[in-house]
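Listed here are the chains, written in short residue letters.
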Amino acid sequence: MICVLGDAHLDVIVSFAGPVEPETDTPATTSAGAGGQAANVAAWIVALGGRARLVAAQAADPAGRMVAGELTGRGVELAGPVLPGRTGVVVSLSDGGRSRSLLTDRGVGTELAAAHLMDAWFEGCTRLHLPGYSLFREPVAGAALAAARRVPRLSVDLSSTAALRDYGADRFRALLARLRPEVVLGTEAEADLVGEVPGSEMVVKLRSGGVTHAAPPARAVDATGAGDAFAAGYLLGGVRLGLDAAARAVARMGAMP
């Protein structure tokens, strides 16, 4: 069982083939469903044959009920408090699978606090995976640190260059030094910002270049969630399973398997 702590929100993917035309219509392909880096990783773990429990704050609004229903339908175990407020929404603008930009509203995702945690949520968990998003803001960062003390093995994804810069790369490196994760995952840009983390294995994601192996061929449709699929595969079965999962992810719309 791998526990993942972080956001479960609504993902809206917008893929367009050309420039956005101001003041008029631009043809696009869209999809909507459960998302959030933590939710994506948990869903991919299950899709690849593992077991995953997602610890996340949830809202009781229609979007929250839809997200929870989709995740449980995918076999993800859900734990976490239902809090006042709205479910987060992330809009991903995808340029035909070549790149993507995120418009992020985390809703109640950041409101999970250490006081909400229950020991039962971490029973049977052999690893805790933390997206960097779970460490950048309070009170969820306090919950992430408290959870890390309950589970024997830890991995961290660096998540976002913008969030790392806002938090402070040196400050985040110092936090990782205290947490001592076994594995740190990130893109080249994220890894360059943070630098070496002593005592941790750094796994650098190279987009179409794979990691240290050539990536399997895939027709890129949407890059959203490819890194999350890779993280799930890597935690379960190493580089090859991670690359295979990422290739599956970019070949379809959306971040979920």
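Our structure's up above, just so we're on the same page.
Residues numbered from 1 in each chain as written. Predicted model: local features only at pLDDT ≥ 70, side-chain atom pairs only at ≥ 80, totals over all residues. Heavy atoms only, no water.

Draft legend 1. Up close: the environment of Gly6. Checked against the element boundaries, Gly6 lands in the loop between strand S1 (2-5) and strand S2 (9-15). The sequence separation of Gly6 and Ala38 amounts to 32 residues, and the corresponding C-alpha distance is 5.0 Å. (Helix = DSSP H or I, 4+ residues; strand = E, 2+ residues; numbered from the N terminus.)

Draft legend 2. The side chain of His129, seen in detail. Turning to its location among the elements, His129 is positioned in strand S10 (residues 127-131). Overall, His129 belongs to the buried group, its relative accessible area being 0%. A distance of 2.7 Å separates the side chain of His129 from the side chain of Ser155, its partner in a polar contact. What His129 contacts, discounting residues up to four positions off in sequence, is Ile2, Cys3, Val4, Leu5, Val41, Ser155, Val156, Asp157, Leu185, Ala231 and Leu235. (Buried < 20%, exposed > 50% of the residue type's maximum accessible area, 1.4 Å probe, protein only. Polar contact = N/O pair within 3.5 Å; in protein donor to acceptor, adjacent residues only side chain to side chain. Contact = heavy atoms within 4.5 Å.)

Draft legend 3. How the structure looks around the sheet that holds strand S9 (residues 100-107). Reading across from one edge, S3-S2-S8-S9 is the order of the four strands in this open sheet, with mixed pairing throughout. Each of the sheet's edge strands pairs with one partner strand only, and the pair in question is strand S3 (29-35) and S9. Neighbouring strand axes in the sheet, compared pairwise and without regard to direction, differ in orientation by 15 degrees on average. Note that S2 and S3 share seven bridges and pair antiparallel. Bridge pairing links Val14 to Thr30 in S3. Where helix H2 (residues 62-73) meets the sheet, it contacts S2, S3 and strand S8 (87-94), and its direction lies at approximately 80 degrees from that of S3. (Pairing = 2+ DSSP bridges. Axes fitted to C-alpha atoms, helices over the stretch in contact; angles between N-to-C directions.)

Draft legend 4. The arrangement of the pairing of S1 in detail. Residues of S1 alternate between two faces, with Ile2 and Val4 on one and Cys3 and Leu5 on the opposite face, all of them buried. Direction of pairing for S1 relative to S10: parallel, over a ladder of three bridges. Bridge pairing in S10 places Cys3 opposite Leu128.

Draft legend 5. Focus on the pairing of strand S4 (residues 52-55). Neither face of S4 is exposed, since Ala52 and Leu54 on one face and Arg53 and Val55 on the opposite face are all buried. Direction of pairing for S1 relative to S4: parallel, over a ladder of four bridges. By the bridge assignment for S4, Cys3 is matched with Arg53. Here S4 runs beside strand S6 (residues 77-79); their pairing, made up of three bridges, is parallel. Each residue of the ladder has a partner; that of Leu54, found in S6, is Leu78.

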